[in-house]
Amino acid sequence: MAAKPERPFPDGGGKTGLILGIETSCDETAAAVVARGQQMLSNVVASQIATHAPYGGVVPELASREHLRNIVPVTRAALAEAGVTLAQLDAIAVTEGPGLAGALLVGISYAKSLAFALGKPLVAVNHLEGHIHAVLLEEAELARQHSDRIANPEAQDAQPALALIVSGGHTHLYLARRTDGCWRYRTVGRTVDDAAGEAFDKVAKLLGLGYPGGPWIDALAAHGDPRSVPFRFAEVRPRPARQKPGGLSLPDEGAGSDTLFSFSGIKTAVLRYVESHDLAAAAEVRRRALAANPGAKTADALALCDAETLGLIASFQHAVVENLRQRTFEAAERYGARRVLVSGGVAANRELRVRLTAEAAERNLPIAFPSLALATDNAAMIAAAAWPKLQAGELASPLLSAEPSLRLGR
Ligand code: KG4
Ligand code: ZN
(Lines give C-alpha, C1' and ligand atoms only; values in the text may rest on other atoms or scores of the structure.)
(Ligands and ions follow the chains in the order given, each with its own letter.)
Protein backbone atom coordinates (compact mmCIF):
# COMPACT_ATOMS: atom_id res chain seq x y z
CA MET A 1 0.00 0.00 0.00
CA ALA A 2 1.77 3.18 -1.14
CA ALA A 3 1.19 6.46 0.65
CA LYS A 4 2.35 9.90 -0.46
CA PRO A 5 5.32 11.35 1.44
CA GLU A 6 4.17 14.05 3.79
CA ARG A 7 6.74 16.66 2.82
CA PRO A 8 7.84 18.13 -0.49
CA PHE A 9 11.53 17.83 -1.39
CA PRO A 10 12.90 21.16 -2.47
CA ASP A 11 15.68 20.80 -5.02
CA GLY A 12 17.50 23.91 -3.95
CA GLY A 13 20.95 22.51 -3.08
CA GLY A 14 22.19 21.95 0.47
CA LYS A 15 21.12 19.01 2.55
CA THR A 16 17.67 18.31 1.23
CA GLY A 17 16.09 15.09 0.04
CA LEU A 18 18.26 13.13 2.46
CA ILE A 19 17.92 9.36 2.31
CA LEU A 20 19.67 6.91 4.62
CA GLY A 21 20.28 3.69 2.66
CA ILE A 22 20.76 0.33 4.36
CA GLU A 23 22.07 -2.78 2.57
CA THR A 24 22.55 -6.24 4.13
CA SER A 25 21.66 -8.64 1.30
CA CYS A 26 24.85 -10.70 1.34
CA ASP A 27 28.18 -10.26 3.12
CA GLU A 28 28.59 -6.47 3.39
CA THR A 29 26.84 -4.45 6.08
CA ALA A 30 26.43 -1.02 4.51
CA ALA A 31 24.84 2.34 5.29
CA ALA A 32 25.05 5.61 3.34
CA VAL A 33 23.45 9.02 3.14
CA VAL A 34 22.63 10.38 -0.33
CA ALA A 35 20.99 13.73 -1.10
CA ARG A 36 18.32 13.80 -3.86
CA GLY A 37 19.73 10.64 -5.45
CA GLN A 38 22.71 12.54 -6.77
CA GLN A 39 25.06 13.59 -3.99
CA MET A 40 26.77 10.96 -1.88
CA LEU A 41 27.38 12.41 1.59
CA SER A 42 28.70 9.17 3.08
CA ASN A 43 29.16 5.52 2.13
CA VAL A 44 30.21 3.10 4.87
CA VAL A 45 30.75 -0.61 4.21
CA ALA A 46 31.75 -3.22 6.79
CA SER A 47 33.05 -6.18 4.84
CA GLN A 48 32.71 -9.71 6.23
CA ILE A 49 35.37 -11.17 3.95
CA ALA A 50 37.57 -12.20 6.89
CA THR A 51 34.65 -14.09 8.48
CA HIS A 52 33.79 -16.09 5.36
CA ALA A 53 37.25 -16.49 3.77
CA PRO A 54 38.16 -19.66 5.74
CA TYR A 55 35.04 -21.33 4.28
CA GLY A 56 35.73 -20.21 0.69
CA GLY A 57 32.25 -18.67 0.39
CA VAL A 58 29.52 -16.86 2.31
CA VAL A 59 28.06 -18.82 5.24
CA PRO A 60 24.47 -17.44 5.54
CA GLU A 61 24.09 -17.93 9.30
CA LEU A 62 27.40 -16.18 10.00
CA ALA A 63 26.45 -13.37 7.62
CA SER A 64 23.23 -12.66 9.57
CA ARG A 65 25.07 -12.57 12.89
CA GLU A 66 27.75 -10.24 11.51
CA HIS A 67 25.07 -7.89 10.11
CA LEU A 68 23.43 -7.79 13.54
CA ARG A 69 26.76 -6.85 15.14
CA ASN A 70 27.65 -4.25 12.50
CA ILE A 71 24.39 -2.54 11.62
CA VAL A 72 24.31 0.07 14.42
CA PRO A 73 27.99 1.15 14.24
CA VAL A 74 27.87 1.26 10.43
CA THR A 75 24.73 3.43 10.44
CA ARG A 76 26.19 5.72 13.11
CA ALA A 77 29.35 6.11 11.05
CA ALA A 78 27.35 6.90 7.88
CA LEU A 79 25.35 9.62 9.66
CA ALA A 80 28.45 11.08 11.34
CA GLU A 81 30.44 11.12 8.08
CA ALA A 82 27.55 12.87 6.32
CA GLY A 83 27.14 15.34 9.19
CA VAL A 84 23.45 14.49 9.30
CA THR A 85 21.21 13.66 12.27
CA LEU A 86 18.40 11.11 12.21
CA ALA A 87 15.92 13.96 12.56
CA GLN A 88 17.19 15.56 9.33
CA LEU A 89 16.53 12.47 7.21
CA ASP A 90 13.67 12.61 4.74
CA ALA A 91 13.42 8.85 4.33
CA ILE A 92 15.02 5.49 5.04
CA ALA A 93 15.68 3.04 2.20
CA VAL A 94 16.46 -0.64 2.56
CA THR A 95 17.23 -3.61 0.31
CA GLU A 96 14.18 -5.87 0.06
CA GLY A 97 15.87 -8.61 -2.05
CA PRO A 98 17.24 -10.58 -3.78
CA GLY A 99 19.74 -12.00 -1.33
CA LEU A 100 20.12 -14.24 1.70
CA ALA A 101 16.88 -14.28 3.71
CA GLY A 102 18.47 -14.03 7.16
CA ALA A 103 20.87 -11.32 6.02
CA LEU A 104 18.09 -9.24 4.40
CA LEU A 105 15.91 -9.57 7.51
CA VAL A 106 18.51 -7.83 9.68
CA GLY A 107 18.57 -4.71 7.48
CA ILE A 108 14.80 -4.71 6.95
CA SER A 109 13.95 -5.09 10.66
CA TYR A 110 16.38 -2.33 11.53
CA ALA A 111 15.17 0.04 8.79
CA LYS A 112 11.53 -0.60 9.65
CA SER A 113 12.14 0.11 13.33
CA LEU A 114 14.05 3.32 12.52
CA ALA A 115 11.36 4.55 10.14
CA PHE A 116 8.61 3.70 12.62
CA ALA A 117 10.33 5.33 15.60
CA LEU A 118 11.26 8.47 13.63
CA GLY A 119 7.95 8.71 11.77
CA LYS A 120 9.83 8.80 8.43
CA PRO A 121 8.85 7.16 5.14
CA LEU A 122 10.42 3.80 4.32
CA VAL A 123 11.35 2.88 0.73
CA ALA A 124 12.05 -0.73 -0.33
CA VAL A 125 14.68 -1.17 -3.04
CA ASN A 126 15.56 -4.13 -5.26
CA HIS A 127 19.30 -4.85 -4.86
CA LEU A 128 19.72 -5.19 -8.65
CA GLU A 129 18.09 -1.83 -9.25
CA GLY A 130 20.55 -0.53 -6.67
CA HIS A 131 23.50 -1.76 -8.74
CA ILE A 132 22.18 0.13 -11.80
CA HIS A 133 21.76 3.26 -9.68
CA ALA A 134 25.39 3.05 -8.51
CA VAL A 135 26.28 4.08 -12.06
CA LEU A 136 23.48 6.63 -12.35
CA LEU A 137 24.44 8.19 -9.00
CA GLU A 138 28.00 8.80 -10.11
CA GLU A 139 26.82 10.06 -13.47
CA ALA A 140 24.52 12.53 -11.66
CA GLU A 141 27.39 13.59 -9.38
CA LEU A 142 29.55 14.33 -12.42
CA ALA A 143 26.72 16.18 -14.14
CA ARG A 144 26.20 18.27 -11.00
CA GLN A 145 29.89 19.15 -10.79
CA HIS A 146 30.27 19.87 -14.51
CA SER A 147 26.89 21.10 -15.59
CA ASP A 148 28.07 21.08 -19.22
CA ARG A 149 28.79 17.33 -19.35
CA ILE A 150 25.28 16.05 -19.91
CA ALA A 151 23.22 18.73 -21.58
CA ASN A 152 19.85 17.25 -20.72
CA PRO A 153 19.94 14.36 -18.20
CA GLU A 154 16.13 13.88 -18.29
CA ALA A 155 16.20 13.37 -22.08
CA GLN A 156 19.10 10.94 -21.71
CA ASP A 157 17.27 8.90 -19.03
CA ALA A 158 14.18 8.66 -21.26
CA GLN A 159 16.24 6.80 -23.90
CA PRO A 160 16.67 3.02 -23.49
CA ALA A 161 19.89 2.08 -21.67
CA LEU A 162 21.18 -1.48 -21.61
CA ALA A 163 22.27 -2.39 -18.07
CA LEU A 164 24.65 -5.32 -17.59
CA ILE A 165 24.73 -6.49 -13.97
CA VAL A 166 27.58 -8.86 -13.29
CA SER A 167 28.00 -9.86 -9.65
CA GLY A 168 28.55 -12.87 -7.43
CA GLY A 169 24.87 -13.80 -7.54
CA HIS A 170 23.65 -12.32 -10.83
CA THR A 171 24.40 -11.95 -14.51
CA HIS A 172 21.56 -10.01 -16.06
CA LEU A 173 20.85 -7.67 -18.93
CA TYR A 174 18.05 -5.14 -18.49
CA LEU A 175 16.64 -2.45 -20.70
CA ALA A 176 16.19 0.53 -18.40
CA ARG A 177 14.55 3.87 -19.01
CA ARG A 178 12.88 6.59 -17.00
CA THR A 179 9.26 7.34 -17.78
CA ASP A 180 6.99 9.65 -15.77
CA GLY A 181 9.76 10.12 -13.24
CA CYS A 182 10.11 6.39 -12.47
CA TRP A 183 12.68 3.92 -13.73
CA ARG A 184 11.24 0.89 -15.55
CA TYR A 185 13.13 -2.28 -16.35
CA ARG A 186 12.72 -5.15 -18.77
CA THR A 187 14.82 -8.30 -18.49
CA VAL A 188 16.51 -9.10 -21.81
CA GLY A 189 19.25 -11.45 -20.64
CA ARG A 190 20.18 -13.76 -17.78
CA THR A 191 22.39 -16.67 -16.86
CA VAL A 192 20.92 -20.14 -17.01
CA ASP A 193 23.30 -21.43 -14.33
CA ASP A 194 26.20 -19.72 -12.51
CA ALA A 195 26.69 -15.96 -12.29
CA ALA A 196 29.89 -14.51 -13.77
CA GLY A 197 31.25 -13.60 -10.30
CA GLU A 198 30.44 -17.10 -9.08
CA ALA A 199 32.61 -18.51 -11.89
CA PHE A 200 35.48 -16.20 -10.84
CA ASP A 201 35.05 -17.33 -7.22
CA LYS A 202 34.82 -21.06 -8.04
CA VAL A 203 37.81 -21.02 -10.41
CA ALA A 204 39.85 -19.08 -7.84
CA LYS A 205 38.94 -21.66 -5.18
CA LEU A 206 39.91 -24.49 -7.53
CA LEU A 207 43.32 -22.87 -8.04
CA GLY A 208 43.91 -22.33 -4.31
CA LEU A 209 43.44 -18.56 -4.46
CA GLY A 210 41.67 -16.53 -1.76
CA TYR A 211 38.03 -15.50 -1.39
CA PRO A 212 36.46 -13.62 -3.08
CA GLY A 213 38.23 -14.88 -6.17
CA GLY A 214 37.48 -12.09 -8.67
CA PRO A 215 40.08 -9.60 -7.43
CA TRP A 216 42.78 -12.37 -7.31
CA ILE A 217 42.07 -13.51 -10.84
CA ASP A 218 41.94 -9.89 -12.03
CA ALA A 219 45.38 -9.19 -10.51
CA LEU A 220 47.06 -12.44 -11.64
CA ALA A 221 45.58 -12.57 -15.17
CA ALA A 222 47.75 -9.60 -16.16
CA HIS A 223 50.81 -11.85 -15.72
CA GLY A 224 49.67 -14.76 -17.91
CA ASP A 225 49.21 -15.46 -21.61
CA PRO A 226 45.46 -15.24 -22.38
CA ARG A 227 45.93 -17.37 -25.54
CA SER A 228 47.43 -20.36 -23.75
CA VAL A 229 44.11 -22.22 -23.19
CA PRO A 230 41.47 -21.75 -25.93
CA PHE A 231 38.23 -21.85 -23.90
CA ARG A 232 35.06 -21.67 -25.95
CA PHE A 233 31.49 -20.85 -24.94
CA ALA A 234 28.72 -22.94 -26.46
CA GLU A 235 25.55 -21.26 -27.70
CA VAL A 236 22.93 -21.48 -24.92
CA ARG A 237 19.43 -22.31 -26.08
CA PRO A 238 16.30 -21.57 -24.05
CA ARG A 239 14.73 -24.59 -22.42
CA PRO A 240 11.58 -25.74 -24.22
CA ALA A 241 8.30 -24.34 -22.95
CA ARG A 242 6.84 -26.30 -20.04
CA GLN A 243 3.45 -27.91 -20.50
CA LYS A 244 0.87 -26.87 -17.90
CA PRO A 245 -1.71 -29.51 -16.96
CA GLY A 246 -4.68 -28.69 -19.15
CA GLY A 247 -2.57 -28.06 -22.22
CA LEU A 248 -1.50 -24.42 -21.83
CA SER A 249 2.23 -24.03 -22.42
CA LEU A 250 4.23 -21.80 -20.10
CA PRO A 251 7.23 -20.16 -21.73
CA ASP A 252 10.31 -20.21 -19.52
CA GLU A 253 11.14 -16.84 -18.04
CA GLY A 254 12.22 -14.34 -20.65
CA ALA A 255 11.33 -14.06 -24.30
CA GLY A 256 12.82 -16.16 -27.10
CA SER A 257 15.20 -13.41 -28.14
CA ASP A 258 16.67 -13.01 -24.66
CA THR A 259 20.41 -13.30 -24.24
CA LEU A 260 21.31 -16.42 -22.28
CA PHE A 261 24.63 -16.67 -20.45
CA SER A 262 26.13 -19.83 -19.01
CA PHE A 263 29.24 -19.91 -16.84
CA SER A 264 29.16 -23.39 -15.33
CA GLY A 265 30.75 -24.98 -18.41
CA ILE A 266 33.93 -22.91 -18.24
CA LYS A 267 34.31 -23.73 -14.55
CA THR A 268 34.16 -27.45 -15.43
CA ALA A 269 36.63 -26.90 -18.29
CA VAL A 270 39.08 -25.27 -15.86
CA LEU A 271 38.62 -28.21 -13.46
CA ARG A 272 39.37 -30.68 -16.30
CA TYR A 273 42.47 -28.70 -17.26
CA VAL A 274 43.71 -28.71 -13.65
CA GLU A 275 43.19 -32.49 -13.45
CA SER A 276 44.68 -33.34 -16.83
CA HIS A 277 47.71 -31.08 -16.34
CA ASP A 278 48.41 -32.23 -12.76
CA LEU A 279 47.94 -28.76 -11.26
CA ALA A 280 45.87 -29.86 -8.24
CA ALA A 281 48.79 -30.52 -5.87
CA ALA A 282 50.32 -27.10 -6.57
CA ALA A 283 46.91 -25.50 -6.01
CA GLU A 284 46.68 -27.14 -2.58
CA VAL A 285 50.16 -25.86 -1.66
CA ARG A 286 49.05 -22.37 -2.79
CA ARG A 287 45.82 -22.61 -0.79
CA ARG A 288 47.67 -23.50 2.42
CA ALA A 289 50.32 -20.80 1.93
CA LEU A 290 47.73 -18.08 1.25
CA ALA A 291 45.46 -19.25 4.11
CA ALA A 292 48.45 -18.94 6.46
CA ASN A 293 49.04 -15.36 5.28
CA PRO A 294 45.79 -13.34 5.59
CA GLY A 295 47.57 -10.16 4.47
CA ALA A 296 48.83 -11.78 1.24
CA LYS A 297 49.28 -9.42 -1.72
CA THR A 298 49.40 -10.09 -5.46
CA ALA A 299 53.18 -10.55 -5.32
CA ASP A 300 52.77 -13.35 -2.74
CA ALA A 301 50.24 -15.18 -4.92
CA LEU A 302 52.36 -14.56 -8.01
CA ALA A 303 55.34 -16.23 -6.37
CA LEU A 304 53.15 -19.31 -5.86
CA CYS A 305 52.00 -19.57 -9.51
CA ASP A 306 53.95 -21.04 -12.44
CA ALA A 307 53.55 -19.80 -16.03
CA GLU A 308 51.09 -22.59 -16.87
CA THR A 309 48.76 -21.60 -14.00
CA LEU A 310 49.02 -17.91 -14.88
CA GLY A 311 48.19 -18.77 -18.50
CA LEU A 312 45.15 -20.73 -17.33
CA ILE A 313 43.97 -17.78 -15.18
CA ALA A 314 44.50 -15.26 -17.99
CA SER A 315 42.74 -17.51 -20.52
CA PHE A 316 39.76 -18.03 -18.20
CA GLN A 317 39.32 -14.30 -17.59
CA HIS A 318 39.80 -13.51 -21.28
CA ALA A 319 37.09 -16.01 -22.27
CA VAL A 320 34.58 -14.74 -19.69
CA VAL A 321 35.16 -11.11 -20.62
CA GLU A 322 34.94 -11.94 -24.33
CA ASN A 323 31.62 -13.70 -23.77
CA LEU A 324 30.20 -10.77 -21.77
CA ARG A 325 31.46 -8.30 -24.39
CA GLN A 326 29.94 -10.13 -27.35
CA ARG A 327 26.56 -10.82 -25.78
CA THR A 328 26.20 -7.34 -24.31
CA PHE A 329 26.84 -5.50 -27.55
CA GLU A 330 24.68 -7.93 -29.55
CA ALA A 331 21.83 -7.13 -27.15
CA ALA A 332 22.55 -3.38 -27.26
CA GLU A 333 22.20 -3.52 -31.03
CA ARG A 334 19.12 -5.76 -30.97
CA TYR A 335 17.23 -3.46 -28.60
CA GLY A 336 18.50 -0.15 -29.95
CA ALA A 337 20.08 0.83 -26.61
CA ARG A 338 21.46 4.37 -26.59
CA ARG A 339 24.03 3.68 -23.89
CA VAL A 340 25.40 0.83 -21.77
CA LEU A 341 25.60 0.80 -17.95
CA VAL A 342 27.80 -1.90 -16.37
CA SER A 343 27.54 -2.65 -12.64
CA GLY A 344 27.98 -5.30 -9.94
CA GLY A 345 31.17 -6.63 -8.35
CA VAL A 346 32.62 -8.01 -11.61
CA ALA A 347 32.36 -4.48 -13.10
CA ALA A 348 35.51 -3.84 -11.04
CA ASN A 349 37.43 -6.17 -13.38
CA ARG A 350 40.10 -4.25 -15.30
CA GLU A 351 40.05 -6.35 -18.47
CA LEU A 352 36.25 -6.10 -18.61
CA ARG A 353 36.42 -2.31 -18.32
CA VAL A 354 39.13 -1.96 -20.96
CA ARG A 355 37.54 -4.29 -23.53
CA LEU A 356 33.97 -3.04 -23.12
CA THR A 357 35.11 0.58 -23.20
CA ALA A 358 37.06 -0.05 -26.42
CA GLU A 359 34.12 -1.76 -28.12
CA ALA A 360 31.71 0.99 -27.03
CA ALA A 361 34.06 3.62 -28.44
CA GLU A 362 34.17 1.77 -31.78
CA ARG A 363 30.39 1.72 -31.86
CA ASN A 364 30.12 5.30 -30.70
CA LEU A 365 27.95 4.11 -27.83
CA PRO A 366 28.35 5.81 -24.42
CA ILE A 367 29.27 3.35 -21.65
CA ALA A 368 29.53 3.91 -17.89
CA PHE A 369 30.97 1.86 -15.03
CA PRO A 370 30.78 2.61 -11.31
CA SER A 371 33.94 3.56 -9.43
CA LEU A 372 35.54 0.57 -7.71
CA ALA A 373 33.96 1.59 -4.38
CA LEU A 374 30.45 1.53 -5.85
CA ALA A 375 30.92 -1.57 -8.06
CA THR A 376 30.63 -4.01 -5.15
CA ASP A 377 27.75 -4.00 -2.66
CA ASN A 378 27.12 -0.69 -0.91
CA ALA A 379 24.21 1.33 0.48
CA ALA A 380 24.72 4.55 -1.51
CA MET A 381 23.24 2.73 -4.51
CA ILE A 382 20.19 1.78 -2.42
CA ALA A 383 19.65 5.36 -1.22
CA ALA A 384 20.08 6.66 -4.79
CA ALA A 385 17.58 4.17 -6.25
CA ALA A 386 15.08 5.14 -3.54
CA TRP A 387 14.98 8.83 -4.50
CA PRO A 388 12.73 8.59 -7.61
CA LYS A 389 10.49 6.17 -5.70
CA LEU A 390 10.16 8.58 -2.78
CA GLN A 391 9.31 11.40 -5.16
CA ALA A 392 6.67 9.21 -6.80
CA GLY A 393 5.26 8.22 -3.40
CA GLU A 394 6.24 4.55 -3.85
CA LEU A 395 6.67 3.72 -0.19
CA ALA A 396 7.18 0.31 1.43
CA SER A 397 4.18 -1.48 2.82
CA PRO A 398 4.10 -1.93 6.60
CA LEU A 399 4.08 -5.66 5.75
CA LEU A 400 7.50 -5.42 4.01
CA SER A 401 9.57 -8.57 4.44
CA ALA A 402 12.65 -10.14 2.87
CA GLU A 403 12.24 -11.36 -0.73
CA PRO A 404 15.26 -13.63 -1.36
CA SER A 405 14.29 -14.29 -5.01
CA LEU A 406 12.96 -10.83 -5.89
CA ARG A 407 13.08 -10.13 -9.64
CA LEU A 408 13.56 -6.79 -11.30
CA GLY A 409 11.08 -5.55 -13.89
CA ARG A 410 9.21 -7.82 -16.22
O1 KG4 B 1 28.09 -7.08 -6.35
P2 KG4 B 1 28.88 -7.88 -5.38
O3 KG4 B 1 29.71 -7.15 -4.36
O4 KG4 B 1 27.97 -8.86 -4.57
C5 KG4 B 1 26.89 -9.53 -5.13
O6 KG4 B 1 25.78 -8.92 -5.21
O7 KG4 B 1 27.14 -10.68 -5.54
O8 KG4 B 1 29.80 -8.86 -6.27
C9 KG4 B 1 30.73 -9.75 -5.69
C10 KG4 B 1 31.37 -10.53 -6.82
C11 KG4 B 1 32.25 -11.68 -6.34
O12 KG4 B 1 31.93 -12.83 -7.08
C13 KG4 B 1 33.66 -11.19 -6.66
O14 KG4 B 1 34.57 -12.25 -6.92
C15 KG4 B 1 33.42 -10.35 -7.89
O16 KG4 B 1 32.20 -9.68 -7.61
N17 KG4 B 1 34.50 -9.37 -8.11
C18 KG4 B 1 35.30 -9.39 -9.19
C19 KG4 B 1 36.24 -8.34 -9.02
N20 KG4 B 1 35.96 -7.72 -7.83
C21 KG4 B 1 34.88 -8.37 -7.28
N22 KG4 B 1 35.30 -10.19 -10.28
C23 KG4 B 1 36.24 -9.96 -11.21
N24 KG4 B 1 37.19 -8.99 -11.12
C25 KG4 B 1 37.21 -8.16 -10.04
N26 KG4 B 1 38.13 -7.20 -9.95
ZN1 ZN C 1 25.38 -7.01 -5.42
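Residues numbered from 1 in each chain as written. Chains lettered and ligands numbered in written order. Predicted model: local features only at pLDDT ≥ 70, side-chain atom pairs only at ≥ 80, totals over all residues. Heavy atoms only, no water.

### Quick notes on the coordination of the zinc ion (ligand 2)
Donor atoms from the polypeptide that bind the zinc ion (ligand 2) are His 127 (NE2), His 131 (NE2) and Asp 377 (OD), placed at 2.0 to 2.1 Å. Taken together, the four donor atoms coordinating the zinc ion (ligand 2) span angles of 95 to 147° at the metal, a pattern that classifies the geometry as irregular. Mapped onto the sequence, the donors of the zinc ion (ligand 2) take the spacing H-x3-H-x245-D. Taken together, the residues span about one helical turn, with His 127 and His 131 both in helix 4 (residues 127-145) at a distance of four residues. Of the residues examined, His 127 reaches a relative accessible area of 5% and is grouped as buried. (Donors = N, O, S within 2.8 Å, 3.2 Å for Na, K, Ca; no water. Tetrahedral: all angles 85-135°; square planar, octahedral: opposite > 155°, others 65-115°. Helix = DSSP H or I, 4+ residues; strand = E, 2+ residues; numbered from the N terminus. Buried < 20%, exposed > 50% of the residue type's maximum accessible area, 1.4 Å probe, protein only.)

### Let's talk about the environment of Ala 337
Structurally, Ala 337 can be placed in the loop between helix 11 (307-334) and strand 12 (339-343). Looking at Ala 337, the relative accessible area reads 8%, which means it is buried. Between the C-alpha atom of Ala 337 and that of Leu 304, which follows or precedes it by 33 residues, the distance is 44 Å. In this view, Ala 337 contacts Pro 160, Ala 161, Leu 162, Ala 332 and Leu 365; residues no more than four positions away in its chain are not counted. (Contact = heavy atoms within 4.5 Å.)

### Some thoughts on the domain arrangement of the protein chain
Here the protein chain is described as being made up of domain 1 (1-156 + 372-410) and domain 2 (191-337). In this assembly, nine residues from domain 1 lie in contact with four residues from domain 2. Across the domain 1 to domain 2 interface the summed buried area is about 480 Å²; carbon plus sulfur atoms make up 61%. When residues of domain 1 are sorted by the area they lose upon contact with domain 2, Ile 49, Gly 56 and Arg 407 head the list and together hold 63% of the total. (Domains from an automatic or database assignment. Buried area = accessible area lost by both parts, 1.4 Å probe.)

### Considering the sheet that holds strand 4 (residues 91-97)
Strand order in this open sheet of five strands is 3-2-1-4-5, and the pairing throughout is mixed. Where the open sheet ends on each side, the last strands, each with one partner, are strand 3 (39-47) and strand 5 (122-126). Ignoring strand direction, the axes of neighbouring strands in this sheet form an average angle of 20°. Taken together, the six bridges between strand 1 (residues 18-23) and strand 2 (residues 28-35) define a ladder with antiparallel strand orientation. Bridging across to strand 2, Leu 20 finds its partner in Val 33. Against the sheet, helix 2 (residues 60-82) makes contact with strand 1, strand 2 and strand 3, and its axis sits at roughly 25° relative to strand 2, the strand it touches most. On the sheet, helix 4 packs against strand 1, strand 2, strand 3, strand 4 and strand 5 and is oriented at approximately 105° with respect to strand 5. (Pairing = 2+ DSSP bridges. Axes fitted to C-alpha atoms, helices over the stretch in contact; angles between N-to-C directions.)

### Notes on the packing of helix 4 against helix 14 (residues 380-391)
Two quantities define a packed helix pair, namely the angle between the helix axes and the distance between the axes. Look at helix 4 against helix 14: their axes get within 7 Å of each other, and the N-to-C directions meet at 90°. Taken together, the axis directions place helix 4 and helix 14 in an arrangement best described as roughly perpendicular. Along its contact with helix 4, which presents His 127, Glu 129, Gly 130, His 131, His 133, Ala 134 and Leu 137, the element helix 14 presents Ala 380, Met 381, Ile 382, Ala 384, Ala 385, Pro 388 and Lys 389. Per-class residue counts for the contact of helix 4 with helix 14 are eight nonpolar, four polar and two charged. (Parallel < 35°, antiparallel > 145°, perpendicular 65-115°, else oblique. Nonpolar A, V, L, I, M, F, W, Y, C, P; charged D, E, K, R; others polar.)

### Structural notes on the pattern of salt bridges
Inspection of every chain in the model, using the stated rule, returns 20 salt bridges. Between Glu 322 and Arg 325 there is a salt bridge whose closest N-O contact spans 2.5 Å. Residue Glu 322 and its partner Arg 325 are located together in helix 11, separated by three residues, close to a single helical turn. With a relative accessible area of 21%, Glu 322 lands in the partly exposed category. A salt bridge links Arg 355 to Glu 351; the nearest nitrogen and oxygen atoms lie 2.5 Å apart. Residue Arg 355 and its partner Glu 351 are located together in helix 12 (residues 350-363), separated by four residues, close to a single helical turn. Each member of the pair Arg 355 and Glu 351 is classed as buried. (Salt bridge = Lys/Arg side-chain N within 4 Å of Asp/Glu carboxyl O.)

### Structural notes on the layout of surface pockets
For the largest pocket, the calculated volume is near 1,200 Å³. Ser 167, Gly 168, Asp 201, Tyr 211 and Pro 212 are the residues nearest the centre of the largest pocket, which is lined by 40 residues in total. Counting residues per element, the ones that place at least two in the lining of the largest pocket are helix 4, helix 6 (196-206) and helix 7 (213-221). Broken down by element, the residue count for the lining of the largest pocket peaks at six residues, all from helix 6. Its residues assigned to classes, the lining of the largest pocket shows 15 nonpolar, 16 polar and nine charged. Both domains that furnish three or more residues to the lining of the largest pocket are identified here as domain 1 (1-156 + 372-410) and domain 2 (191-337). If you go around the second largest pocket, you meet 23 residues; those closest to its centre are Ala 53, Gly 210, Tyr 211, Leu 290 and Ala 291. (1 Å grid on protein atoms, 1.4 Å probe; cavity = no way out; pocket = protein on both sides within 12 Å on 5 of 7 lines; lining within 4 Å. Points joined across faces, edges and corners; volume = space filled by probe spheres on them.)

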